[in-house]
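A look at the structure
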Amino acid sequence: MGKAFDPALIIEFIPMLVKYLGVTLEILCFSILFGTILGIIVALPKLFHVPIARQIVTVYISFIRGTPILIQLFLVYYGLPAFLSIWDIDITRMDALYFVIITYSLSHGAIFAEIFRSAIQAIDVGQTEAAYSVGMKPIQSFFRIVFPQAIRIAFPNMANSVIGSLKDTSLAFTIGVMDMMGRGETLIASTAHALEVYISLSIVYYVIVLLFEKVFSVSEKYLNRYHSQGISSI
Amino acid sequence: MVIDFSFVWIAFKEILKAVPLTLILTFVPIVVGFLIGLAVALIRAHNIKFLSPIANFYVSFFRGTPAIMHIMVIYFGFPILLDYVIKKFNLPFQSNHVPIVVFVITALSLTAGSYLSEIIRSGISSVSKGQIEAAYTIGMNTFQVVKRIILPQALAQSVPNITNLIIGFLHTTSIAFLVSQKEITGAANIVASKNLKFLEAFIAAGIIYWAITLIIETIAYFLEKKAKSYSRSAF
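Below is a short write-up of the structure. (Residues numbered from 1 in each chain as written. Chains lettered and ligands numbered in written order. Predicted model: local features only at pLDDT ≥ 70, side-chain atom pairs only at ≥ 80, totals over all residues. Heavy atoms only, no water.)

Thoughts on the overall build of chain A
A count of helices and strands for chain A gives nine helices and zero strands. Reading the secondary structure of chain A in the N-to-C direction produces α-α-α-α-α-α-α-α-α. When its C-alpha atoms are laid out on the principal axes, chain A stretches across 75 × 55 × 25 Å. Every one of the 234 residues in chain A was classed for burial, and the buried ones make up 44%. Carbon and sulfur atoms provide 67% of the accessible area of chain A, an area that totals close to 12200 Å². (Helix = DSSP H or I, 4+ residues; strand = E, 2+ residues; numbered from the N terminus. Buried < 20%, exposed > 50% of the residue type's maximum accessible area, 1.4 Å probe, protein only. Areas by Shrake-Rupley, 256 points an atom, 1.4 Å probe, with all protein chains shown as cover.)

Remarks on the pattern of salt bridges
Residues and elements named next belong to chain B. One pass over the full model with this rule turns up five salt bridges over all chains. Between E118 and R44 there is a salt bridge, with the nearest N and O atoms lying 2.9 Å from each other. Highlighted residues: E118 in helix α5 (residues 100–125) and R44 in helix α2 (residues 19–46), separated in sequence by 74 residues. Given a relative accessible area of 19%, E118 falls into the buried group. (Salt bridge = Lys/Arg side-chain N within 4 Å of Asp/Glu carboxyl O.)

Section: the layout of surface pockets
Residue and element names in this part refer to chain A. Estimated volume of the second largest pocket: approximately 630 Å³. Lining the second largest pocket are 23 residues; nearest its centre among them are L47, F48, I120, F142 and V146. Of all the secondary structure elements, the ones that give two or more residues to the lining of the second largest pocket are α2 (21–47), α5 (96–121), α6 (125–133) and α7 (138–168). With nine residues, the single largest contributor to the lining of the second largest pocket is α7. In the lining of the second largest pocket, the residues fall into 19 nonpolar, four polar and no charged. (1 Å grid on protein atoms, 1.4 Å probe; cavity = no way out; pocket = protein on both sides within 12 Å on 5 of 7 lines; lining within 4 Å. Points joined across faces, edges and corners; volume = space filled by probe spheres on them. Nonpolar A, V, L, I, M, F, W, Y, C, P; charged D, E, K, R; others polar.)

Here's the deal with the interface of chain B and chain A
How big an interface is tends to be stated in terms of accessible area lost as the parts join. Of the residues lining the interface, 35 residues belong to chain B; the matching set on chain A comes to 35 residues. Taking both partners together, chain B and chain A bury about 3100 Å²; carbon and sulfur atoms supply 80% of that area. Where chain B touches chain A, the interface holds zero salt bridges. If you list the elements that add at least two residues to the side of chain B that touches chain A, you get α3 (51–64), α4 (67–89), α7 (142–172) and α9 (198–227) of chain B. If one sorts the elements of the side of chain B that touches chain A by residue count, α9(B) sits on top with 10 residues. Considered class by class, the residues forming the side of chain B that touches chain A number 25 nonpolar, nine polar and one charged. (Contact = heavy atoms within 4.5 Å. Buried area = accessible area lost by both parts, 1.4 Å probe.)

Some thoughts on the nonpolar core
Ranked by size, the top nonpolar core spans 113 residues in total, and within it Y198(A), L201(A) and I15(B) carry the most contacts. Looking at this core element by element, the count peaks at 12 residues for α5(A). Discounting residues that sit within four places of it in the chain, L201(A) has contacts with L17(A), M180(A), M181(A), G184(A) and M69(B). Counting eight residues, the second largest nonpolar core, distinct from the first, contains I43(B), A55(B), V59(B) and F62(B). (Core = buried A, V, L, I, M, F, W, Y, C linked by side-chain atoms within 4.5 Å.)

A closer look at unusual backbone geometry
Residue and element names in this part refer to chain B. The phi dihedral of S180 falls on the positive side, at around 55°, and the residue is not glycine. Residue placement: S180 occurs in the loop between α7 and α8 (184–195). By relative accessible area, S180 is classed as exposed at 57%. The phi torsion at L196 lies on the positive side, around 55°, for a residue other than glycine. Inspection of the secondary structure assignment puts L196 in the loop between α8 and α9. You can call L196 exposed: its relative accessible area is 66%.

A look at the packing of helix α9 (residues 194–223) of chain A against α3(B)
Where α9(A) meets α3(B), the axes come as close as 8 Å, and the angle between the chain directions of the two elements is 100°. Viewed along their axes, α9(A) and α3(B) adopt a mutual orientation that is roughly perpendicular. Residues S202(A), Y205(A), Y206(A), V209(A) and L210(A) of α9(A) form the contact with α3(B), whose own contacting residues are F57(B), S60(B), F61(B) and G64(B). Considering only residue class, the contact of α9(A) with α3(B) consists of six nonpolar, three polar and no charged. (Axes fitted to C-alpha atoms, helices over the stretch in contact; angles between N-to-C directions. Parallel < 35°, antiparallel > 145°, perpendicular 65-115°, else oblique.)

Considering the environment of S202(A)
Here S202(A) is to be found in helix α9. Residues S202(A) and G22(A), 180 residues apart in the sequence, show an inter-C-alpha distance of 17 Å. Not counting the four nearest positions on each side in its chain, S202(A) is found in contact with F61(B), T65(B), M69(B) and V73(B).

Points about the packing of aromatic side chains
Given two aromatic rings, one states the distance between the centres and the angle between the planes to describe the pair. Residue and element names in this part refer to chain A. One pass over the full model with this rule turns up 27 aromatic pairs over all chains. Between F30 and F34, the aromatic rings sit 6.2 Å apart at their centres with planes inclined by 25°, giving stacked as the arrangement. Here F30 pairs with F34, and both are found in helix α2, just four residues apart, close to one helical turn. Given a relative accessible area of 37%, F30 falls into the partly exposed group. (Phe/Tyr/Trp six-rings, centres within 6.5 Å; stacked < 30°, edge-to-face > 60°.)

Let's talk about a nonpolar patch on the surface
Nonpolar side chains collect at one region of the surface, where F30(A), L33(A), F34(A), I37(A) and I41(A) lie side by side and expose about 470 Å² of accessible area between them. With respect to the helices and strands, the residue I37(A) is situated in helix α2. (Patch = residues over 30% accessible without salt bridge, like charges linked within 9 Å, V, L, I, M, F, W, Y side chains within 5 Å.)

Put into structure tokens, the structure is as follows:
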């Protein structure tokens, strides 16, 4: 358990850890970007009732929601190189960071797909009918009428899952990625002050989560600007 | 791709032995966390001086940091605190006699408490004030109002949230393998390293987690149906 507890070290460690915040945010940004694209693709078969594709998508979503992110991380880390070796593609030397981004994108894809689907289905069918009746094409009706309303419903859920996955990035170090947590582990190895490192890490994560929450609540207000408070919508 | 399917089955049987520990790590923190959450929700609802800001900070901090931090801070910090107390009172006890699983359960209970306090709060606030007033006007006392009016509705309202929390916690227990607990992920890791077949072992572990999740979801579905059977929509 190492040396005696030294609170001064907590402050000293914070700048060392914050230097690696970039990697954590990199994982988060790329996985949200790819996850959003994947989420849209995955949501389509369910929205348009495409046979077979719909069943595949359902199993995919159920699996992602039914297993811990840690297991998914290990499955991608060990499974993807084996899977690609069928076509003689060798990725065993690929940086662990990419495996993390792939895993988190896959995980986001499933969760975002459910959020998008439920948000789009929450829009009243009358809205689309009204759009058609004024002569809009399906594409116009979707982008001008359904989408702006759906994004308003989807946003709080997406914000929650982004914050959740920010916290989940702390597991990336298990496959050897040098993010904040990974740097923390090396600090522990070199100084043997484990408790102080984990307290510093908690402070850093807490501050970032608070910042994210603030940004999200401001954006949510912006998205809701056409909805007066008193009258409940939908 | 070479997947040794017979080894997946061997690993599956081996990992299955770790399911009870995983379930303990899932449900004990939720039960303890429910008590913590109830206390915290009441403190926040009644706005008790001094305690209320602490409760607010507790909920915000534990919801704002990864569960792995709670486990690690308690795992490393608790023994230091315990040793300090033991030294002060000269107790015939050593902190390294405490099994690690106690630390994990303590940490996860605190995590669960913060999430459950929010769930309980939203459940209670879903009961409209008019119903509580109506109950008082027909002569119920506070205990009766809580027992007959607030709790049944608040709990029915909370079923989906609590289900999500239980599934979330089932998945969170996978972190416990980092402090060498032999739960599903830990067992998978041991089987994998012994035979150098990582993919197969984690496939087996994934299937087990998936199956448990589906079982919990099915039970929750029927529970929700039952809990909401009496409440019909007003419209």
